[in-house]
Amino acid sequence: MEKIDPRNPPNEFPDIVGAPPVNLILARFRPFIPPGARLRELTPLPLIMGTLLGMVFGASSLYLVLKVGLTVSASIPVAVLSITFFRFLSWISKSRIRNATILENNIVQTAGSAGESIAFGLGVTMPAIMILGFDLESTRVMLVAILGGLIGILMMIPLRRALIVQQHGSLKYPEGTACAEVLKAAASSESRDAAHAGDAVARAAADEAVSGGKIIIGGFAIGFIYYGLLQIFKIMKEIPEKVFRKPFDGASISLENNPALLGVGYIIGPRISALMMAGGVLSYLVLIPAIKYFGSAGTAPLPPETAHSIADMSVEQIQKGYILYIGAGAVAAAGIISLFRSIPLIWHGLKGGLTDLRSSGIKRNDVPRTDQDLSMKWVIGGIIALLIVIMIAPQLNLRFNLLGAILIVAFGFLFVTVSSRLTGEVGSSSCPTSGMMIATLLLTCLIFLVLGWTAPPYFVTALSIGGIVCIASSNGGTISQDLKTGFLIGSTPKYQQIAILIGTLASAIILGPILMQLNQSGTVYVPVAGNKDFAFPAAFHADPANYLSDSNGQLKRERLSGAQAGGDPNEYFVYHKTDTENGPAGRYLVNNDGVPVYLADPGINGVYADRPDGSHVQKFTAPKATLVSYIIKGILGGHLPWGLVLLGVFIAILLELCGVSSLAFAVGVYLPISTSAPVYVGGMVRWLVDRYTRRKHARAELTEDELMAEGDKSNGVLLSSGYIAGGTLAGVLFAFLAIPMKDRLDGFEKWATAHNPFFEGPSSDLLAMIPFTVLCVLLYLVGRDVLLALKSKRPQI
């Protein structure tokens, strides 16, 4: 490589007058595949495979964000699966089908990462519409996903050269860089020949990457079979639990038997998982027992509860009636504190991004393959088309509302720029996407408040704006990592942009129906008559002004659906109750006289986990979506039990004063402890593996960052990714089967109740922990490479 004199560096673009100052690191940089090389890249099979993997990981991420409010990056697992698939396909066809080039694998990885970013934006905003008691149509979800995804992609096209290229060396994009290393390590012989890197070391690294693919597939199979058998055949108790009695009445501890949550804990590590568990301990071993202890003396319901005295309430009822508000206050305060802490970074990102964008608009006479973007005509035309769609789409409630459309595009550009730069500086995991979403909602709600747009329909409008911007910023950060990967290996940017466009559109189309089905499978129609939870006076009649209307403006009529559809053939009006007087707020079905007949308790954030026939349903707590609904209710509606919310706020402030980051702790306060517990166990397994890694590399004198990198690329992370993908996909499929196969599933549950000691019986809580312990031990052994070591020592026959 030629030496560059730093005192007189060459102009990167010698034919361009007024080119920006030369980046010396960029001047020395050479991509893995040279710009002049010609390899297969945007071909049908990799594009189809990447799109399908994006759908699978998008569904898994949606399940996770509804369950625990977290997602995990899909880029590296998708890349490893792509490498493995094409190597296997080439082997089984005896090389009649050629192994994928590194550029084709990059197309798979780029298209496959789209679903995860869209799922996060959808999962933290759209369920809030249902939580607030409104109808959520699949067309609205699909439209929000498509608009947010397209805004993120279109905004990143002009920003790519500014942030990815010109800031090379300054903005690290850690996940994108790591993914590039995986792809380079496993490059095909054809790709290595093109890169002049066909040595034995690279080939050995390729074999190691394929071995990692086998571990992910094995983890996927284990997670899928384990959780599928648990959900369908009830082979063990899903949530082993210990409820304490006097003198510690009200205290309890439980653990959800879920391999996906175990994998999440391993990946996020011991510190974050321990903070989540600490929040759960505060809720279930301090606050609930305290509420039970001090409140049991009273005989009347204590607001916001309206039907039961505390003495008569179970642990679950206290958690739903009081702790949720405390947890939501803690999450809201922690999110806002996180936002304020990030303001210097956000301002730096915005200022730097806009400056770089202005300096990058330089025309070139001959653009190399590795610097070819989609035309700016597509960007400008696409943004104009999006503005028109936003203004005419009835689902967004912004018909001919230019202000709302401009707000979406302006906030979208602002936070895509910020998100892209921040992911380059601190990585996707540390990028405050939730904080940017909260900022968008706060600003939108305040603007609506000034304009007097505080009627309930504007709740949905604000959420739609927030959802689009959240998806755009999340997608912008993901695209930035993908484009960085492509930049390092020598991909063609316009082909990556086309791939992620297709992946985004495909994921946006399927995630809406999946969200609706997850909610519908857990929806319970709770009869009002004779139920102690409701105290409607005999003369009560719902106000028709609060009836919901369909898209044509007609009053909505609805029958029972799902598993309870055959129980009542009558049609009812849909009444939106916003206060807790006489009964819980929510969505009610009322008869022609306005008398409430059923509460439609949603699967997402609902409180009734059993149908009237006694069958159990799966509920999703959706912590981030609940936070969003509280922001909307607090600013636009004014309906919040502020005393409990402020308790949560000051819990978060207390932690910050102690020097502890409060967001993970606050999420733990809000979530059931059964959800935080397996995450904590996964984190502890990671802690044990990391201790072993430190001892193993003690003589190498590695830095803390290098030790962390060793842990992040361990086989335990790959197995955890498989646990997550398999377990969450099994949960999604079960949600789709729960209604059509209800009778058969009920039969399996009845048999397990009568004959399976792991599911029901005096020792079921203890016995159900045995299979979960096996999962933990396997994860520990794989993380330490014990099984691979035993395999390598096995005598060959």
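This one's a predicted model, so the numbers in the text were calculated from it and none came from an experiment.

*Asks:* Run through the overall build of the chain, naming residues and quoting values.
*Replies:* Regarding its fold elements, the chain presents 28 helices and seven strands. By residue count, 56% of the 797 residues in the chain fall in the buried class. Considering only residue pairs separated by 6 or more positions, the chain has 78% of its internal contacts joining residues 24 or more positions apart. A total accessible area of about 33400 Å² is found for the chain, and carbon and sulfur atoms account for 63% of it.

*Asks:* Describe the packing of aromatic side chains, naming the residues involved and giving the relevant values.
*Replies:* One pass over the full model with this rule turns up 17 aromatic pairs. Taking the centre distance of 4.8 Å and the plane angle of 45 degrees together, the rings of Phe 536 and Phe 540 count as tilted. With a centroid separation of 5.8 Å and 90 degrees between ring planes, the pair formed by Phe 536 and Tyr 588 is classed as edge-to-face. Here the residue Phe 536 occupies a position in the loop between strand E3 (524-527) and strand E4 (557-558), and Tyr 588 occupies one in strand E6 (residues 586-590), the gap between them amounting to 52 residues. Across the pair, Tyr 588 and Phe 536 agree in class, each one buried. Taken together, the ring pairs connect Phe 534, Phe 536, Phe 540, Tyr 575 and Tyr 588 into an aromatic cluster. Directly above the aromatic system of Phe 573 lies the positively charged group of Arg 557, at a separation of 4.3 Å from the ring centroid. Positioned over the ring face of Tyr 692 is Arg 784, at 3.9 Å from the centre of the ring.

*Asks:* Hey, could you go over helix H21 (residues 662-670) for me, with residue numbers and the actual values?
*Replies:* Along H21, eight of the nine residues are buried, which leaves the element largely enclosed by surrounding structure. Along H21, the positions that sit buried rather than exposed are Ser 662, Ala 664, Phe 665, Ala 666, Val 667, Gly 668, Val 669 and Tyr 670.

*Asks:* Now, about the side chain of Ser 662: what can you tell me, with residues and values included?
*Replies:* The residue Ser 662 is located in helix H21 in this model. Using a relative accessible area of 1% as the deciding quantity, one classes Ser 662 as buried. Once residues within four sequence positions are removed from consideration, Ser 662 is found in contact with Ala 334, Ala 652, Leu 655 and Glu 656.

*Asks:* Requested: an account of empty space enclosed by the protein, with residues and values cited.
*Replies:* Evaluation of the coordinates by the stated rule reveals one cavity of 30 Å³ or more. As for the largest cavity, its lining consists of Thr 110, Ile 479, Asp 482, Leu 483, Gln 496, Gln 497 and Ile 500. Those elements that provide at least two residues to the lining of the largest cavity are helix H17 (456-489) and helix H18 (493-521). Considering only residue class, the lining of the largest cavity consists of three nonpolar, three polar and one charged.

*Asks:* Go over the pattern of salt bridges, please, and point to the residues and values.
*Replies:* When the charged atoms of two side chains with opposite charge come close together, those side chains can pair. The tally for this structure, following the rule as stated, stands at twelve salt bridges. One salt bridge in this structure joins Glu 137 and Arg 140, with 3.3 Å as the shortest N-O distance. The class of Arg 140 is buried, set by a relative accessible area of 8%. Ionic pairing is found between Glu 558 and Arg 587, a salt bridge with its closest N-O pair at 2.4 Å. Of this pair, Glu 558 sits in strand E4 while Arg 587 sits in strand E6; the two residues are 29 residues apart in sequence, bridging distant segments of the chain. Overall, the relative accessible area of 14% leaves Glu 558 in the buried class. Residues joined by salt bridges that share partners form a network here, namely Arg 40, Glu 104 and Glu 190.

*Asks:* Can you explain the sheet that holds strand E7 (residues 596-601)? Please cite residues and give values.
*Replies:* Pairing within the open sheet is antiparallel, and its five strands lie in the order E3-E7-E6-E5-E4. Where the open sheet ends on each side, the last strands, each with one partner, are E3 and E4. The pairing of E4 with strand E5 (residues 572-577) spans two bridges and is classified as antiparallel. Pairing of Glu 558 across the sheet is with Tyr 572, part of E5.

*Asks:* Give me the environment of Phe 32: which residues, what numbers.
*Replies:* Secondary-structure assignment places Phe 32 in the loop between helix H1 (24-28) and helix H2 (44-68). On the basis of relative accessibility, which here comes to 16%, the residue Phe 32 falls in the buried class.

*Asks:* How would you sum up the environment of Pro 240? Please name residues and give values.
*Replies:* Note that Pro 240 resides in the loop between helix H10 (200-233) and strand E1 (241-243). Residue Pro 240 is classed as buried on the basis of its relative accessible area of 6%. Note: C-alpha distance between Pro 240 and Ser 764 (524 residues apart in sequence) is 7.5 Å. In this view, Pro 240 contacts Ile 253, Ser 254, Leu 255, Asn 257, Asp 765, Ala 768 and Met 769; residues no more than four positions away in its chain are not counted.

*Asks:* Go over unusual backbone geometry with me, naming the residues and quoting the values.
*Replies:* Going from Lys 246 to Pro 247, the amide bond is cis rather than trans, its omega being 15 degrees. Counting through the fold element by element, Pro 247 comes out in the loop between E1 and strand E2 (252-254). Positioned with a positive phi, Lys 234 is a non-glycine residue whose angle comes to about 55 degrees. One can find Lys 234 in the loop between H10 and E1. Backbone geometry at Asn 605 places phi at a positive 70 degrees, although glycine is not the residue there.

*Asks:* Describe in detail the nonpolar core, supporting the description with residues and values.
*Replies:* Of all hydrophobic cores here, the largest spans 189 residues; its most connected members are Leu 66, Leu 122, Leu 396 and Ile 632. Setting aside residues up to four positions removed in sequence, Leu 66 forms contacts with Gly 123, Pro 127, Leu 515, Leu 518, Ile 604, Phe 620, Thr 621, Ala 622 and Pro 623. Of all hydrophobic cores here, the second largest spans 15 residues; its members include Val 526, Val 528, Phe 540 and Leu 599.

*Asks:* Let's hear about the packing of helix H5 (residues 114-125) against H18: which residues, and what values?
*Replies:* At a minimum axis distance of 8 Å, the contact between H5 and H18 shows a crossing angle of 45 degrees. Of the possible angle classes, the one that applies to H5 and H18 is oblique. With respect to the hand of their crossing, H5 and H18 are arranged in right-handed fashion. Contacts from Ala 114, Gly 115, Ile 118, Ala 119 and Leu 122 of H5 reach H18 at Ile 500, Gly 503, Thr 504, Ser 507, Ala 508 and Leu 511. Looking at side-chain class alone, the contact of H5 with H18 contains seven nonpolar, four polar and no charged residues.

*Asks:* Break down the packing of H5 against H17 for me, with residues and values.
*Replies:* Running from N to C, H5 and H17 cross one another at 155 degrees; their axes reach a closest spacing of 8 Å. Judged on the interaxial angle alone, H17 and H5 are roughly antiparallel. Two packed elements cross with a definite hand, and for H5 against H17 that hand is right-handed. Where H5 approaches H17, its residues Ala 114, Glu 116, Ser 117, Ile 118, Phe 120, Gly 121, Leu 122, Val 124 and Thr 125 are matched on the opposing element by Leu 463, Gly 466, Gly 467, Cys 470, Ile 471, Ser 474, Asn 475 and Thr 478.

Quick notes on the rules
- Residues numbered from 1 in each chain as written.
- Predicted model: local features only at pLDDT ≥ 70, side-chain atom pairs only at ≥ 80, totals over all residues.
- Heavy atoms only, no water.
- Helix = DSSP H or I, 4+ residues; strand = E, 2+ residues; numbered from the N terminus.
- Buried < 20%, exposed > 50% of the residue type's maximum accessible area, 1.4 Å probe, protein only.
- Contact = heavy atoms within 4.5 Å.
- Areas by Shrake-Rupley, 256 points an atom, 1.4 Å probe, with all protein chains shown as cover.
- Phe/Tyr/Trp six-rings, centres within 6.5 Å; stacked < 30°, edge-to-face > 60°.
- Lys NZ or Arg CZ within 6 Å of the ring centre and 35° of its normal.
- 1 Å grid on protein atoms, 1.4 Å probe; cavity = no way out; pocket = protein on both sides within 12 Å on 5 of 7 lines; lining within 4 Å.
- Points joined across faces, edges and corners; volume = space filled by probe spheres on them.
- Nonpolar A, V, L, I, M, F, W, Y, C, P; charged D, E, K, R; others polar.
- Salt bridge = Lys/Arg side-chain N within 4 Å of Asp/Glu carboxyl O.
- Pairing = 2+ DSSP bridges.
- Core = buried A, V, L, I, M, F, W, Y, C linked by side-chain atoms within 4.5 Å.
- Axes fitted to C-alpha atoms, helices over the stretch in contact; angles between N-to-C directions.
- Parallel < 35°, antiparallel > 145°, perpendicular 65-115°, else oblique.
- Left-handed = near helix turned anticlockwise from the far one by under 90°.

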